[in-house]
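Each chain is listed here by its residues.
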Amino acid sequence: MSRLCSSRPQVCLLTFNYAFVSWVPTFLVKQGHGVANSLGLSVLIFAGGPLGSIIGLLLSERIGRRWGLIWFSVLGIAVSAAYVSVTDSALIVGLGFFVTCIIYVLSSLSIACYVPELFLTEVRLRGSGVAN
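For every chain, the first residue of the written sequence is number 1, and numbering continues from 1 along that sequence. Side-chain atom pairs in this predicted model are given and counted only at pLDDT of 80 or more, local residue features only at pLDDT of at least 70, and totals for whole chains, interfaces and linings cover all residues. Computation of side-chain values: all heavy atoms of the structure, hydrogens and water removed.

Novice: I'd like a rundown of helix α5 (residues 89-117), residues and numbers included.
Specialist: Between its first and last C-alpha atoms α5 spans 41 Å; for 29 residues at 1.5 Å apiece the expected length is 42 Å, and the two agree. Along α5, the sharpest kink reaches roughly 30°, centred on S110. A run of DSSP states H or I qualifies as a helix once it reaches four residues; a run of E qualifies as a strand once it reaches two. Both are numbered from the N-terminal end. The span one expects for a helix is its residue count, reduced by one, times 1.5 Å. What is called the bend at a residue is the angle between a pair of axes, fitted to the seven residues leading up to and ending at it and to the seven starting from it.

Here you go:
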């Protein structure tokens, strides 16, 4: 049962990821940006995903998965708290890019690296699947 408890952070991370990706264009339209402008800003924001995955890859062995998860979670809270109050397009793109980057660093460190380590080799794939 303790192995299944490892899925709690995954639920939070994946919910935040999908909610952010799905709703950012809608929120930008609600702030007064046109639909085309909103989609253009979203493309720039979501360009942080590949960079975040690369950062997670490079940091996973250097600082460790656990400390990486802790530090990037704290950083994500701070950047996300700042992001919700900005209205300038440049800040929306800049902070949104960092939020996306942090989400994908956390995904790399947790879903791809940390969770599989929690399970025995024989059940690693099944355990990771249940956790995700």
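Novice: Can you tell me about a nonpolar patch on the surface, naming the residues and giving the values?
Specialist: Note on patches: the residues involved have over 30% relative accessible area and no salt bridge, like charges join within 9 Å, and the nonpolar side chains Val, Leu, Ile, Met, Phe, Trp and Tyr join within 5 Å. Surface accessibility in these figures is a Shrake-Rupley result with a 1.4 Å probe; residues are shielded only by whichever protein chains are displayed. Each reported salt bridge corresponds to a side-chain nitrogen of Lys or Arg within 4 Å of a carboxyl oxygen of Asp or Glu. A contiguous nonpolar patch, built from W67, I70, W71 and V74 and spanning about 460 Å² of accessible area, is present on the exposed surface. For I70, the position within the fold is in helix α4 (residues 65-83).

Novice: Which residues make up the environment of I63, and what values go with them?
Specialist: With respect to the secondary-structure elements, I63 resides in the loop between α3 (48-62) and α4. Along the backbone, I63 and L118 are 55 residues apart, and their C-alpha atoms lie at a distance of 18 Å.

Novice: Would you mind going over the packing of aromatic side chains in detail, with residue names and values included?
Specialist: Centre distance within 6.5 Å is the pairing criterion for rings of Phe, Tyr and Trp, where only the six-membered ring of Trp is used; planes under 30 degrees apart are then read as stacked, over 60 as edge-to-face, and the remainder as tilted. Taken as a whole, this structure holds five aromatic pairs when the rule is applied. When the centroid spacing of 6.0 Å and the interplanar angle of 80° are considered together, the rings of F97 and F98 count as edge-to-face. Relative accessibility decides the category of a residue: with a 1.4 Å probe and only protein chains considered, values under 20% of the type maximum give buried, values over 50% give exposed, and everything between is partly exposed. The class for F98 is partly exposed, based on a relative accessible area of 48%. Three or more aromatic residues joined by ring pairs form one cluster here, namely F16, F20, F46 and Y83.

Novice: Provide a residue-level description of the side chain of H33, including the pertinent values.
Specialist: Counting through the fold element by element, H33 comes out in the loop between α1 (7-30) and α2 (35-46). On the accessibility criterion, H33 (13% relative accessible area) is buried. A distance of 3.1 Å separates a polar atom in the side chain of H33 from a polar atom in the side chain of N37. The criterion used for residue contact is that any of the two residues' heavy atoms lie within 4.5 Å. If we ignore the near neighbours within four places in the chain, the residues touching H33 are L28, S38, L41, T87, S89 and I92. Between N or O atoms, a polar contact is any pair within 3.5 Å; within protein, one atom must be a potential hydrogen donor and the other a potential acceptor, and residues adjacent in sequence are included only when both atoms are from side chains.

Novice: Lay out the side chain of S60 with the relevant residues and their values.
Specialist: The topology assignment puts S60 in helix α3. For S60, a relative accessible area of 6% translates into the label buried. Here the side chain of S60 touches L57 through a polar contact of 3.2 Å, landing on its backbone oxygen. Excluding residues within four positions of it along the chain, S60 makes contact with R65, L109 and C113.

Novice: Summarise α3; cite the residues concerned and give the values.
Specialist: With 15 residues, α3 extends 21 Å from end C-alpha to end C-alpha; this agrees with the ideal 21 Å at 1.5 Å per step. G64 occupies a position one or two residues after α3 and carries a positive phi of about 90°.

Novice: Tell me about the packing of α4 against α5, and please be specific about residues and values.
Specialist: Taken N-terminus to C-terminus, the directions of α4 and α5 make an angle of 155°; their axes are 9 Å apart at the nearest point. Taken together, the axes of α4 and α5 are roughly antiparallel relative to one another. By crossing handedness, the relation of α4 to α5 is classed as left-handed. Note on method: axes are straight lines fitted to C-alpha atoms, helices fitted across the in-contact stretch only, with angles between N-to-C directions ranging 0 to 180 degrees. An angle below 35 degrees is read as roughly parallel, one above 145 as roughly antiparallel, one from 65 to 115 as roughly perpendicular, and any other as oblique. With the far helix as reference, a near helix turned anticlockwise by less than a right angle produces a left-handed crossing, and one turned clockwise produces a right-handed crossing.

Novice: Give a detailed account of the environment of W71, specifying residues and quantitative values.
Specialist: Mapped onto the fold, W71 is located in helix α4. On a C-alpha basis, the gap between W71 and L106 in space is 9.7 Å, while along the polypeptide they are 35 residues apart.

Novice: Can you tell me about the nonpolar core, naming the residues and giving the values?
Specialist: In this text, buried Ala, Val, Leu, Ile, Met, Phe, Trp, Tyr and Cys residues form a nonpolar core when linked through side-chain atoms within 4.5 Å. Grouped together as the largest cluster of nonpolar side chains are 22 residues, with contacts concentrated most on F20, V24, I45, Y83, I92, V99 and L106. Broken down by secondary-structure element, the contributors of at least two residues to this core are α1, α2, α4 and α5. Counting residues per element, this core draws most heavily on α5, at 10 residues. Excluding its chain neighbours within four sequence positions, the residues that come into contact with L106 are L13, G68, L69, F72, S73 and I111.

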